[in-house]
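Residues per chain are reported as follows:
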Amino acid sequence: MAEHDLTVMERFLTEPRTAEPFQWFGWWDTGRWRRHWAETALITEEAGHLLVVRDDERLGFVAWRTVVSSRTTHY
């Protein structure tokens with residue numbers, strides 16, 4: 001993902017039609033991804049975001065985070 005691709009992710013926070021099929025919860029912290037981009041480029045060992053692309057079309061993104069399930073295990 002490149003910084004200019006953040007606009008794709010921001011659409012899911014600012015455009016109800018874009019996010020509606022995926023449960024749009026209204027406008028909220030629209031600057032969070034830009035802050036995270038500046039800090040980590042949106043990928044760390046604990047969490048990350050990847051852009052979904054077909055040819056030159058940006059379709060959306062996927063995200064993950066580590067969840068600790070016990071003192072010695074995570075998923």
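Each remark here, short or long, concerns the structure printed above.
Residue indices begin from 1 for each chain and proceed along its sequence in written order. Per-residue local features are limited, in this predicted model, to residues with pLDDT of at least 70; the limit for side-chain atom pairs, both in listing and counting, is 80 or more; totals at the level of whole chains, interfaces and linings are taken over all residues. Processing note: side-chain calculations cover all non-hydrogen atoms of the structure and skip hydrogens and water entirely.

Trainee: Would you mind going over the overall build of the protein with me for this structure?
Mentor: Each helix and strand in the protein was counted, giving 3 helices and 2 strands. Where helices and strands are cited, they refer to DSSP runs of H or I of at least four residues and of E of at least two residues respectively, numbered from the N terminus. Each helix and strand of the protein, ordered N terminal to C terminal, gives the series α-α-α-β-β. For every residue, the accessible area obtained with a 1.4 Å probe (protein chains only) is divided by the maximum for its type, and the residue is called buried under 20%, exposed over 50%, and partly exposed between those limits. Burial status across the protein gives 23% buried among its 75 residues. The Shrake-Rupley method, run with a 1.4 Å probe sphere, supplies the accessible areas, and residue values consider only the shown protein chains as cover. For the protein, the accessible surface area stands at approximately 5900 Å², while carbon and sulfur atoms represent 53% of it.

Trainee: Mind showing me how you'd approach the environment of leucine 42 here?
Mentor: Summarising the element assignment, leucine 42 is placed in the loop between α3 (32–40) and β1 (47–54). Using a relative accessible area of 4% as the deciding quantity, one classes leucine 42 as buried. Residues leucine 42 and alanine 63, 21 residues apart in the sequence, show an inter-C-alpha distance of 9.4 Å. The contacts of leucine 42, once residues within four sequence positions are left out, are Met1, Leu6, Met9, Trp33, His36, Trp37, Ala47, Gly48 and His49. Here a residue-residue contact requires only that any non-hydrogen atoms of the pair lie within 4.5 Å.

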